[in-house]
Amino acid sequence: MYTPRLAGMFFMKPAYRNSVGAFIGTFLYSLLVLLGLHFNIGKHALDLSMVLAVLWLLFSMIMLVRMICMVARLQVDSIIKDLGNRGQREIEKVYPDDYISGDDAELDDTLITKLPSLTEVVIYSGLPSSIRKINYPLLGRAAKRCGGILEMDHGPGDTVMDGAPILRVCGGKRPLNKRMAAPAIEFHEQRSIDQDPRYVFRLLVDIGVRAISPAVNDPTTTVQTLDQIDNLLRMVGVRRLGQNTIQDASGNTLVVYPTTDWEDYLSLAIDEIRLYGASSIQVARRLQALLVDLMDTVPPVRKPAVDKQIRKLREMIKNSYALLDDQLIANETDRQGIGMTRELIDFTGLGIAELTRVKKGK
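Residues numbered from 1 in each chain as written. Predicted model: local features only at pLDDT ≥ 70, side-chain atom pairs only at ≥ 80, totals over all residues. Heavy atoms only, no water.

**Side note on the overall build of the protein chain**
Heads up, the condition is: Counting from the N terminus, the helices are DSSP H or I runs at least four residues long and the strands are E runs at least two residues long. Relative accessibility decides the category of a residue: with a 1.4 Å probe and only protein chains considered, values under 20% of the type maximum give buried, values over 50% give exposed, and everything between is partly exposed. Two residues qualify as a contact provided that any one of their heavy atoms is within 4.5 Å of a heavy atom in the partner residue. Each accessible area is a Shrake-Rupley result for a 1.4 Å probe, and residues are judged covered by the shown protein chains and nothing else.
On a plain count of helices and strands, the protein chain comes out with 14 helices and 10 strands. Across the 362 residues that make up the protein chain, the buried fraction comes to 43%. Within the protein chain, contacts between residues separated by at least 24 positions form 73% of all contacts whose residues are at least 6 apart in sequence. Roughly 19300 Å² of accessible area belongs to the protein chain as shown, and the carbon and sulfur atoms make up 57% of that amount.

What follows is the structure, encoded as structure tokens:
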């Protein structure tokens, strides 16, 4: 109902699996008892078997009630909060360091051109699969053993196709030990949140976009997803994102891998909701509040990307509403969507005082 990508996450929870196991166990044990009756087992053994069967049944009933309670938690409020909490934990693991002034300028985009000559390419073979986890320290040890630098074309969450390069060895003095390197990259048929905070944003955006689709038309749910997106963007915005290498104790580069920068996160979190939700006053106002708050939170070097998003939103609002009064209302910052106005954003160049007078009809 919210997004099909959530189904796998919830049905992998222990409560569901344990409940199904209890139901199957009760059924199989009852069949065995019936089979024992057919072969005329002793009265004492029969009594004990019946008691155990009743206990199995009671246990199954308890597990059924527990599973029903879990299903009741599949309300959108609980799902959005759970995703937000998981996203917080993953951001803290993937980006443990706070932003340091100059990090963005020090992203070594030219590092690839500085790599030694290509000596070996490791090709992926198999069905299309998503990268679930990467053991970077293990890759570092494999690179040190071959005497070169490992360059990765893919990161966690990427889908790898059959025949695609998965690792490139640059400047290798010895062949790469594939038995050592292969376990470092874990593939799975489904994308996972592990090592991939972007997937939390993806799920929240999916829920938000689906909620404002014409078939559902539920902007309040989109505002709820923006509450969590707001919190996660605040966390990402003040953390160091640019570390894209593994180095040894001497500072020699061992592994180079792709990373997500601040503009990527902003685009992932904002663009689709802005495109589909600018025509909803509730969503537009909440987006305004989110972006204005980010301007006060992120380091100066990251403010231009936020300002760019604000200008895009203003332009979309201007094109989405024929009436100036509606444009004025949509350009107000409001963390509830429609609740309490915080600030009026000047998108016309008239100035806030003039806009306020126009709004009041003066």
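Now that the structure has been shown, the text picks up again.
**Quick word on the pattern of salt bridges**
Condition: A carboxyl oxygen of Asp or Glu within 4 Å of a side-chain nitrogen of Lys or Arg is what we treat as a salt bridge.
One pass over the full model with this rule turns up 17 salt bridges. Asp194 serves as the salt-bridge partner of Lys133, at 3.9 Å between the closest nitrogen and oxygen. Of this pair, Lys133 sits in strand S2 (residues 129-134) while Asp194 sits in the loop between strand S6 (185-188) and helix H8 (197-211), placing them 61 residues apart in sequence. Ionic pairing is found between Asp153 and Arg168, a salt bridge with its closest N-O pair at 2.8 Å.

**Brief notes about the packing of aromatic side chains**
Where we set the bar: Only rings of Phe, Tyr and Trp enter the pairing, Trp through its six-membered ring, and a pair is recorded when the two centres are within 6.5 Å. The plane angle decides the type: under 30 degrees is stacked, over 60 is edge-to-face, the rest tilted.
Tallied over the full model, the rule gives five aromatic pairs. With a centroid separation of 6.2 Å and 85 degrees between ring planes, the pair formed by Tyr95 and Tyr265 is classed as edge-to-face. With Tyr95 in the loop between helix H4 (76-94) and helix H5 (111-114) and Tyr265 in helix H10 (residues 262-277), this residue pair connects regions lying 170 residues apart in the sequence. On the basis of relative accessibility, which here comes to 10%, the residue Tyr95 falls in the buried class. The exposure class assigned to Tyr265 is buried, which follows from its relative accessible area of 0%. Relative to Phe187, the ring of Tyr124 lies with its centre 4.8 Å away and its plane at 40 degrees, an arrangement referred to as tilted. Of this pair, Tyr124 sits in the loop between strand S1 (118-123) and S2 while Phe187 sits in strand S6, and the two are 63 residues apart along the sequence. Its relative accessible area of 29% is what places Phe187 among the partly exposed residues.

**Some words on the confidence of the model for the protein chain**
Rules: A residue's pLDDT is the predictor's confidence in that residue, given on a scale from 0 to 100.
Averaged over all residues, the pLDDT of the protein chain is 82; the fraction at 70 or higher stands at 83%. Put simply, helix H14 (residues 352-360) is where the protein chain has its lowest mean pLDDT, 45, and helix H9 (residues 219-237) is where it has its highest, 93. Of the regions scoring below 50 in pLDDT, residues 105-113 engages in five contacts with residues more than four places distant in sequence or in other chains. For residues 347-362, every residue scores under 50 in pLDDT, and the model assigns this stretch 24 contacts once sequence neighbours within four places are set aside.

**Here's the deal with a nonpolar patch on the surface**
Short version of the rule: Patch construction takes residues with relative accessible area above 30% that form no salt bridge. Like charges are linked within 9 Å, and nonpolar side chains (Val, Leu, Ile, Met, Phe, Trp, Tyr) are linked within 5 Å.
Judged by side-chain polarity, Leu48, Val51, Leu52, Val54, Leu55, Trp56, Leu57, Leu58, Phe59 and Met61 come together as a nonpolar surface patch covering roughly 900 Å² of accessible area. With respect to the helices and strands, the residue Val51 is situated in helix H3 (residues 43-72). Among the residues examined, Val51 registers a relative accessible area of 48% and is labelled partly exposed.

**So, helix H6 (residues 136-146)**
Rule in force here: The definition of a polar contact used here is a pair of N or O atoms within 3.5 Å, where within protein one atom must be able to donate a hydrogen and the other to accept one, and adjacent residues in sequence count solely through side-chain atom pairs.
Within H6 the residues assigned to the buried category are Tyr136, Leu138, Leu139, Gly140, Ala142, Ala143 and Cys146. Next to the buried residues of H6 lie S2, strand S3 (149-152), strand S5 (165-170), helix H7 (178-181), strand S7 (245-247) and strand S8 (253-256). One side-chain oxygen at the N-terminal end of H6 lies 3.1 Å from the backbone nitrogen of Leu138; it belongs to Asn135.

**Quick word on the pairing of S2**
For the record, the criterion: Here, strands pair whenever DSSP counts at least two bridges between them.
For S2 and strand S4 (residues 159-160), the ladder comprises two bridges, and the chain directions are antiparallel. Its bridge partner being in S4, Ser129 is matched across the sheet by Val160. In the sheet, S2 pairs with S6 via four bridges, with the strands oriented antiparallel. In the sheet register, Ile134 faces S6, and the bridge partner there is Ile185.

**Regarding the sheet that holds S6**
Pairing in this open sheet of three strands is antiparallel, and the strands run S4-S2-S6 from one edge to the other. Two strands bound the open sheet, and with one partner strand each, they are S4 and S6.

**Things to note about the nonpolar core**
Within soluble globular proteins, side chains that are nonpolar generally end up buried alongside one another. Basically, it comes down to this: Each nonpolar core is a collection of buried residues, namely Ala, Val, Leu, Ile, Met, Phe, Trp, Tyr and Cys, held together in the definition by side-chain atoms within 4.5 Å.
Judged by nonpolar contacts, the single largest core of 44 residues is most densely connected at Phe201, Ile229, Leu233 and Trp262. Counting residues per element, the ones that place at least two in this core are H4, H8, H9, H10, helix H11 (281-297) and helix H12 (303-320). At eight residues, H8 tops the list of elements feeding residues into this core. Setting aside chain neighbours within four positions, we find Leu233 in contact with Phe201, Trp262, Tyr265, Leu266, Ala269, Ile270, Leu290 and Leu294.

**Describing unusual backbone geometry**
Not every positive phi belongs to a glycine, and Gln195 is a case in point at roughly 60 degrees. Within the secondary structure layout, Gln195 lies in the loop between S6 and H8. Relative accessible area serves as the criterion here: at 28%, Gln195 is assigned to the partly exposed category. In this model, Asn217 sits at a positive phi of 55 degrees, which is unusual for a non-glycine residue.

**Here we look at the side chain of Asp230**
Residue placement: Asp230 occurs in helix H9. For Asp230, a relative accessible area of 5% puts it in the buried group. Within the local environment of Asp230, its side chain forms a polar contact with the side chain of Arg234, the two groups lying 3.0 Å apart. Once you skip the residues sitting within four places of it in the chain, Asp230 turns out to touch Arg286, Leu290 and Asp293.

**Things to note about the sheet that holds S3**
Strand pairing in a sheet relies on backbone hydrogen bonds. The paired strands run either parallel or antiparallel. Worth spelling out the cut-off: Orientation is described by axes fitted as lines to C-alpha atoms, over the contacting stretch for helices, and by angles from 0 to 180 degrees between their N-to-C directions.
As summarised here, the arrangement of the five strands in space is S1-S5-S3-S8-S7, forming an open sheet in which the pairing is mixed. Each having just a single partner strand, S1 and S7 make up the two edges of the open sheet. Adjacent strand axes in the sheet meet at a mean angle of 20 degrees, parallel and antiparallel pairs treated alike. Relative to S5, S3 is paired through four bridges, and the arrangement is antiparallel. Of the residues in S5, the one forming a bridge with Leu150 is Val169.

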